[in-house]
Amino acid sequence: MPQKVRIALDAMGGDVGPAVVIPGAALSLGRHPDAEFVLYGDRTAIERELAKLPALAKVSRVVHTDVAVSMHDKPSQALRRGRYKSSMWQAIEAVKKGEADVTVSAGNTGALMAMARFCLRTLPGIDRPAIAATWPTMRGDAVVLDLGASIGGDARHLQALAVMGAAMASVLFDLEKPTVGLLNIGVEEIKGGDEIREAAELLRAMQSPKFDFIGFVEGDGIGRHAADVIVSEGFAGNIALKAAEGTARQLSDYLRAAMSRTWRSKIGYLFARDAFKALKDKMDPNKSNGGVFLGLNGIVVKSHGGTNAEGFAYAVDVGYDMVRYDLLTKINQTLDREAGALVKTPSAQEAVS
């Protein structure tokens, strides 16, 4: 592994750009002093923020770009306008060229995925990349994917997601054989569409030594940690993510209002504030920020566009960990080991026919 973790940042990405990206990088640097940064974007805006953070400035290099991908650009527009010259593209290309170990961006998700796929290409056996992230549960964290990289997916796609998610969970959580479940509308085998039921058959038939497939998991099973890895196609996965984030904010607002309603509740809060702080920290979406694009020939991390500096720092932390844990090599090794099953394993329906 490299002595330094070289992190390329799309400094113009997100709702705010350098005013969040640069302070976020500084917070992450405080936790990971062996990191160094390449910052892509408007030099004037970047250096204005760097001037406030001398420690970050010492380990950073600025690469000026005249083009920034808009949060509203369609992927096709972003590729036409920003290919080779935008801050987003050049940050990704730095990984391809070996000038950086990971790219982190809070920019337009569709554009970032399109550029990453076009620039880095997918791993052998992977048709479409996925966004994977850690999800806080009642028993630690779980890996959930796909959180919105693409819509829909056949059984083979879901099978590949399970293999990659299991590799990520084994690396992050130090698990020899993580459990894997398919997100579905019920746990019964007859529930769900044809593609998810066929994917379950494929995963059972694999009998992989690297993960334990437990079957279907309902939406409430994510928070209960029904499995170490929850697999879904991107449409349902993204809805689940946004619903969970909205619920967390809603509960936080309810608690804040309840604790300030009367003088008794205010006194009660003083006695229980440590417990409320722990709950707030557990429910804070910023602390679960950072989705990894799995299935590419390189590591790309997507931060929420509307996050603050603390949230962006967590996304940078995720990128750092992916490099230090050597995630890409582990996924390649797992894909190589399971290549025959991914391509050749027949489902029960196929075997009968």
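Just so it is clear, the structure is predicted and the values come from calculations on it, not from any experiment.

Peer 1: Tell me about the packing of helix 7 (residues 155-173) against helix 8 (residues 194-206), and name the residues and values.
Peer 2: One can describe the packing of helix 7 onto helix 8 by two numbers: an axis separation of 8 Å at closest approach and a directional angle of 50 degrees. When the axis of helix 7 is compared with that of helix 8, the two are oblique. The hand of the helix 7/helix 8 crossing is right-handed. Along the contact surface, helix 7 presents Ala 155, Arg 156, Leu 158, Gln 159, Ala 162 and Val 163, while helix 8 presents Glu 195, Ile 196, Glu 198, Ala 199, Leu 202, Leu 203 and Met 206.

Peer 1: Residue-level account of the environment of Arg 324, with values.
Peer 2: Relative to the helices and strands, Arg 324 resides in helix 12 (residues 309-324). With 320 residues separating them in the primary sequence, Arg 324 and Lys 4 have C-alpha atoms 9.6 Å apart. At 2.7 Å, the side chain of Arg 324 and the side chain of Asp 34 are in polar contact.

Peer 1: Talk me through the sheet that holds strand 4 (residues 102-105); I want residue IDs and the actual numbers.
Peer 2: Overall, mixed pairing links the eleven strands, which are arranged 3-2-1-4-11-10-5-6-9-7-8 in an open sheet. The open sheet is flanked by strand 3 (60-64) and strand 8 (212-217), the only strands paired with a single partner. Pairwise comparison of adjacent strand axes, ignoring direction, gives a mean angle of 25 degrees for this sheet. With four bridges connecting them, strand 1 (residues 5-10) and strand 4 associate as parallel partners. Opposite Asp 10, over in strand 4, you have Ser 105 as the bridge partner.

Peer 1: How would you summarise the packing of helix 1 (residues 18-31) against helix 2 (residues 43-50) if you had to cite specific residues and measurements?
Peer 2: Remark: helix 1 packs on helix 2, axes separated minimally by 9 Å, with the N-to-C direction vectors making an angle of 45 degrees. Relative to helix 2, the element helix 1 lies oblique. Helix-helix and strand crossings are classified by hand; for helix 1 and helix 2 the assignment is right-handed. Two secondary-structure elements touch here, helix 1 through Pro 18, Ala 19, Ile 22 and Pro 23 and helix 2 through Ala 45, Ile 46, Glu 49 and Leu 50. Grouping the amino acids of the contact of helix 1 with helix 2 by side-chain chemistry returns seven nonpolar, no polar and one charged.

Peer 1: Now, about the confidence of the model for the chain: what can you tell me, with residues and values included?
Peer 2: One rule of thumb: low pLDDT means the predicted coordinates there are not for detailed reading. Confidence along the chain averages 86 in pLDDT terms, with 86% of residues attaining 70 or more. Segment residues 344-353: pLDDT under 50, and 16 contacts once partners within four positions in sequence are set aside and those in other chains are kept.

Rules behind the numbers
- Residues numbered from 1 in each chain as written.
- Predicted model: local features only at pLDDT ≥ 70, side-chain atom pairs only at ≥ 80, totals over all residues.
- Heavy atoms only, no water.
- Axes fitted to C-alpha atoms, helices over the stretch in contact; angles between N-to-C directions.
- Helix = DSSP H or I, 4+ residues; strand = E, 2+ residues; numbered from the N terminus.
- Parallel < 35°, antiparallel > 145°, perpendicular 65-115°, else oblique.
- Left-handed = near helix turned anticlockwise from the far one by under 90°.
- Contact = heavy atoms within 4.5 Å.
- Polar contact = N/O pair within 3.5 Å; in protein donor to acceptor, adjacent residues only side chain to side chain.
- Pairing = 2+ DSSP bridges.
- Nonpolar A, V, L, I, M, F, W, Y, C, P; charged D, E, K, R; others polar.
- pLDDT = per-residue confidence, 0-100.

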